[in-house]
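# A structural walkthrough
Next come the chains, spelled out residue by residue.
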Amino acid sequence: MLSGKRQVSEAIRERVMRVVEESGYRPSATARALAHGSTRTFGLVIPPTSEHLVVEQLRFVGAVAEAAAAHDHDVLLSPSGEAHESAFDRMVGERRVDGVIVMETVLHDSRVARLIDEGLPFVTIGRTGAEEAHSWVDLDYAGLVTEAVTRLAALGHERIALINRPQRLLDREYGPAFRALDAFEKAVVAHDLRGTAVCAEDEEESGAEVTRRLLGALVPPPTAIVTVNERALDGVVAALRSARVVVPRDLSLLAVTSEEHARAHEPQIGGADVPTTEMGRNAVEALLRRVTHPEEPLAHVLLSPPFLPRGTEGPAPASA
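What this report covers is the structure whose coordinates are included nearby. Being a predicted model, the structure only gives us computed values, none of them experimental. (Residues numbered from 1 in each chain as written. Predicted model: local features only at pLDDT ≥ 70, side-chain atom pairs only at ≥ 80, totals over all residues. Heavy atoms only, no water.)

A word on the overall build of the protein. Along its length, the protein carries 12 helices and 12 strands. Looking at the protein residue by residue over its 320 residues, the buried ones come to 47%. When contacts within the protein are restricted to residue pairs at least 6 apart in sequence, long-range pairs at least 24 apart make up 70% of them. Accessible area of the protein: about 15900 Å², with a carbon and sulfur share of 52%. (Helix = DSSP H or I, 4+ residues; strand = E, 2+ residues; numbered from the N terminus. Buried < 20%, exposed > 50% of the residue type's maximum accessible area, 1.4 Å probe, protein only. Contact = heavy atoms within 4.5 Å. Areas by Shrake-Rupley, 256 points an atom, 1.4 Å probe, with all protein chains shown as cover.)

If you check helix α8 (residues 175–190), its first and last C-alpha atoms are 22 Å apart, about what 16 residues at 1.5 Å a residue would give, namely 22 Å. Within α8, burial applies to Gly 175, Pro 176, Ala 177, Arg 179, Ala 180, Leu 181, Ala 183, Phe 184, Ala 187 and Val 188. Asp 192, located one to two residues past α8, shows a positive phi value of around 55°. (Expected span 1.5 Å × (residues − 1).)

Interhelical geometry of helix α3 (residues 55–70) versus helix α12 (residues 276–292) gives an angle of 45° and a closest axis separation of 8 Å. Relative to α12, the element α3 is oriented oblique. Crossing handedness for the pair α3 and α12: right-handed. Contacts between α3 and α12 involve Arg 59, Phe 60, Ala 63, Val 64, Ala 67 and Ala 68 on the former and, on the latter, Thr 276, Thr 277, Met 279, Gly 280, Arg 281 and Val 284. (Axes fitted to C-alpha atoms, helices over the stretch in contact; angles between N-to-C directions. Parallel < 35°, antiparallel > 145°, perpendicular 65-115°, else oblique. Left-handed = near helix turned anticlockwise from the far one by under 90°.)

Functional significance is not addressed by these values, which are geometric in nature.
Structure below.
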């Protein structure tokens with residue numbers, strides 16, 4: 001009767017609606033889903049790679065929520081990983097959502113395997129080893145690192161270091177770290193450079209410690225650093241300043257990071273800005289297509305934002 005589909009007298013309908021209003025009743029999402037075949041809710045599976053969401057991950061969550069709202073959908077957050085399997089199981093197994101967006105995938109991702117088995121529409125942020133079997137949105141870390149090395153080589157730099165994400169993520173074959181390292185190693189060989197790749201934990205102090213090690217242990221030290229570790233970037237900058245290394249006179253620094261983070265430093269850090277809003281919008285739109293038009297081809301969206309020189313990219317120092 002509350003759905004308005006049953007024929008009842010006007011007097012009974014008015015009496016029922018008064019009771020509804022007085023009691024504050026709201027129809028449950030589950031009931032609506034059973035009645036109409038849709039929850040109008042997307043699941044967002046947040047990363048298992050850390051104990052809490054950091055700023056750039058929160059930006060992405062916000063971007064997904066805003067894009068979903070534009071299509072009149074809600075977003076249900078679900079943690080993943082060994083400690084949170086029950087939450088993921090409930091969301092997927094009980095069909096609490098129409099589809100799922102999975103953040104920060106690894107090449108062999110158990111969450112992706114589960115979603116494929118369940119037949120629930122989903123989109124991953126990042127590619128996996130089964131990337132042809134599902135829709136994904138990814139940032140072209142390989143292309144961006146290759147471009148960074150190529151630009152630095154053209155400026156005369158012969159010794160370049162890569163500061164990557166943590167070793168544990170590399171060991172798990174986390175896409176951005178894995179592809180950044182592979183591209184870096186290939187690019188330094190292609191340009192006949194001396195390349196040094198190191199990992200830093202996702203924290204400022206680790207970035208500082210790794211940078212101090214690069215400057216002190218390598219003889220001669222690198223004349224340029226490329227990093228894809230946004231969370232270690234402040235530490236990299238602090239260590240260079242503490243060592244009285246003037247950027248870009250003594251050393252060039254390029255990063256794949258958020259625009260806000262790049263512009264927060266002086267000089268502003270050159271490189272590629274992570275297009276968080278665009279990634280969130282593409283993920284929601286790709287998932288909506290999978291839900292409403294499952295017969296259409298899978299969406300494979302590889303984003304490659306332009307390099308912005310800003311103030312940290314310059315010729316190799318003459319003394320190098």
